[in-house]
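Structural overview
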Amino acid sequence: MRNKISTLKKYQFLFEELVKRDFKKKYKRTVLGMAWSVLSPLLTLLVMMLVFTQFFGRTTPHYTIYVFAGNIIYNYFYEASSQGMQSLTSNAHIFTKINVPKYLFTISKNVQALINFGLTIIVFFIFCLFDHIPFTPKFFLLVYPVCLLVFFCIGVGLILSALFVFFKDIQYLWSVFMRLLMYLSAIFYTITSFPESTQRAFLVNPLFLFINYFREIVIYSRIPTLGYHLLMLADTALLFLLGCRMYKKYNTEFLYYL
Amino acid sequence: MIVLKVSDVSIRYKVGDFKDIGLKEFILRKITGNYRVEEFWADRHINFTLDQGDMLGIIGTNGAGKSTLLKAVSGIMTPTEGYIIRKGNIAALLELSSGFDKELTVKENAYLRGAMLGYSRKFMDDTYDQIIDFSELREFENRPFKQLSSGMKSRLAFSIASLVDPDILILDEVLSVGDGAFRKKSEAKMNEILSKGATTILVSHSLSQVRRLCNKVLWLNKGRQVDFGDNVNELCDSYKSFLNGDIRLE
């Protein structure tokens, strides 16, 4: 354990520099670059509102917030996973020449997505304010799903980046999967109209758990059950540990394939 | 005192089907039994030890397994078989000018590279001026890296890398960096590092350089160890006659 901490310390400088690099490259040092990362989810939101409000909006209270909550979490996951997937291959020219821990590249990409997520979540709260949603102390509980989500995304990033080294077409399969996941995560519709058993099936989808947690707290001011919390924790732990295991098992082999 | 021990090291690459077929094709071929992986041994049963202050020259034609061996020694790769024991910190200068980011400025790249080599931020703050002066890139400091010529890139790389004070130093064709004037400067710098007594491994296609600098020679051919010893001149002579086609290796 102490060993791990001293390695972390040793690579802290490198990690900071990597985050800075990815940040600069992403926004290309432009003001609009940063604004874009807020504007783009807002545009998605606008389109969804235009299309779906007449189907679901009339019966769902705070429908804008409802859709927005789904959108920001889905977007964070989408960005972190698809960027994370490329993180090893796109930095191969570095770690085939210099001995550095490769997971730093994956986590750095995750931090990028997290920064974006942070920006949009601020906008989200501003929207809440305009929609006359009362800010309660319960809002502090949102730290729980956000923290889990970070580890969840790192886990998925580690799994995908390892797979991507071996199988390049995972990229296309993943984008298909992500589209399916969008429709399955109840982003723009409510699940209350489904029969009880179908509603329970939604709990299998970890992303839905995160999205739903946000809505429960923000819109309905309800705290999910302890079991719900544990289920989220279990999902996260599973994916994260699986990611670490895969990384550990294959990280020495990556070099043979790059 | 033994600083580096390479014991029966073999490194295997997998070639053939695996790489570009993708997951769907992979599963399909697995099912139909058409899936094939070929093995390619880049290095086979390499053995040598270095004492403190030794300077090893590795010679061999292209594809002899030199670079792969260096990757294993520097810890970038793990040997498929055998083991490597290193004492002290190790600095590997492999293909210097790769690994920079063309979008970042010279200064940002310098910090990033420093971080990769394990320097601290403070160390970089302190030595940054020295680096930029040595590489003679002061006026390009805030330009994006893609505007630099390849010679300039390797000048910067060398200037950062040569700040190290390692116990084991690995040099892969880095003594031929930049134009004439800079080459002189870099050789002087290199000699300065060497005179501090670091154990060094040098890969060079210049036999005269090997003769001049090294006290041990490792000769590789197609992944196999032809010879290892401290009879530098003798080994260089037979390598030379091998290159001329006078002798053959079975």
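Notes on the structure in this doc start here. Nothing here was measured: the structure is a model prediction, and the numbers come from that model.

What counts as what
- Residues numbered from 1 in each chain as written.
- Chains lettered and ligands numbered in written order.
- Predicted model: local features only at pLDDT ≥ 70, side-chain atom pairs only at ≥ 80, totals over all residues.
- Helix = DSSP H or I, 4+ residues; strand = E, 2+ residues; numbered from the N terminus.
- Contact = placed C-beta atoms within 7 Å.
- Buried ≥ 20, exposed ≤ 12 C-beta atoms within 10 Å, placed from the backbone.
- Pairing = 2+ DSSP bridges.
- Expected span 1.5 Å × (residues − 1).
- Nonpolar A, V, L, I, M, F, W, Y, C, P; charged D, E, K, R; others polar.
- Axes fitted to C-alpha atoms, helices over the stretch in contact; angles between N-to-C directions.
- Parallel < 35°, antiparallel > 145°, perpendicular 65-115°, else oblique.
- Left-handed = near helix turned anticlockwise from the far one by under 90°.
- Core = buried A, V, L, I, M, F, W, Y, C linked by C-beta atoms within 7 Å.

What follows is about the overall build of chain B. Scanning chain B from terminus to terminus reveals eight helices and nine strands. Nonlocal contacts in chain B, meaning residues at least 24 apart in sequence, comprise 73% of its contacts between residues at least 6 apart.

Turning our attention to the pairing of strand 8 (residues 216-221) of chain B. Residue and element names in this part refer to chain B. Burial analysis of strand 8 places five of its six residues in the buried class, which makes it a mostly covered element. Taken together, the four bridges between strand 3 (residues 55-59) and strand 8 define a ladder with parallel strand orientation. The residue bridging G57 from the neighbouring strand is V217, located in strand 8. By the bridge criterion, five bridges tie strand 8 to strand 9 (residues 224-229) in an arrangement that is antiparallel.

What follows concerns the environment of S10 of chain B. With respect to the helices and strands, the residue S10 of chain B is situated in strand 1 (residues 2-16). With residues near it in sequence (within four places) discarded, S10 of chain B still touches W41, D43, R44, H45, P79, T80, E81 and G82 of chain B.

On to helix 11 (residues 226-250) of chain A, then. All names here are of chain A. Look at helix 11: 36 Å from first C-alpha to last across 25 residues, which is about the 36 Å you get at 1.5 Å a residue. M232, D235, T236, L239, F240, G243 and Y247 are the residues of helix 11 that are buried. Against the buried residues of helix 11 lie helix 6 (103-130), helix 7 (143-166) and helix 10 (206-218).

In this section: the interface of chain A and chain B. A common way to state how big an interface is: give the accessible area lost once the parts meet. Contacts between the two partners involve 23 residues from chain A, matched on the other side by 28 residues from chain B. If one sorts the elements of the side of chain A that touches chain B by residue count, helix 2 (residues 12-27) of chain A sits on top with six residues. Across the side of chain A that touches chain B, the residue classes tally to eleven nonpolar, four polar and eight charged.

The subject of this paragraph is the packing of helix 3 (residues 106-116) of chain B against helix 5 (residues 150-161) of chain B. Residues and elements named next belong to chain B. It is the contact of helix 3 with helix 5, at a shortest axis distance of 10 Å, that shows an interaxial angle of 40°. By the angle class used here, helix 3 and helix 5 are oblique. Here helix 3 runs over helix 5; the crossing is right-handed. Where helix 3 approaches helix 5, its residues V106, A110, R113 and G114 are matched on the opposing element by L156, A157 and I160. Partitioning the contact of helix 3 with helix 5 into residue classes produces five nonpolar, one polar and one charged.

Let us look at the nonpolar core. With 122 residues, the main nonpolar core has A69, I73 and C153 of chain A together with I170 of chain B as its most contacted residues. Counting residues per element, this core draws most heavily on helix 4 (residues 63-90) of chain A, which supplies 14 residues. C153 of chain A has contacts with F77, A80, S81, N110 and A113 of chain A, leaving out every residue within four places of it along the chain.

Residues and elements named next belong to chain A. With phi around 60°, H132 is a residue other than glycine that occupies positive phi space. By secondary structure assignment, the location of H132 is in the loop between helix 6 and helix 7. At S221, a position not held by glycine, the phi torsion is positive, near 50°. Tracing the backbone shows S221 in the loop between helix 10 and helix 11.

A few words now on helix 3 of chain B. Residue and element names in this part refer to chain B. Of all eleven residues making up helix 3, ten are buried, and the element is well covered by its neighbours. Along helix 3, the residues classified as buried are V106, E108, N109, A110, Y111, L112, R113, G114, A115 and M116. Following helix 3 by one or two positions, G118 adopts a phi angle in the positive range, close to 90°.

Residue and element names in this part refer to chain A. Here V218 lies in helix 10. In this structure, the C-alpha to C-alpha distance between V218 and L45, residues 173 residues apart in sequence, is 18 Å. Look past the residues within four positions of V218 in its chain and what remains in contact with it is I65, A69, C128 and I133.

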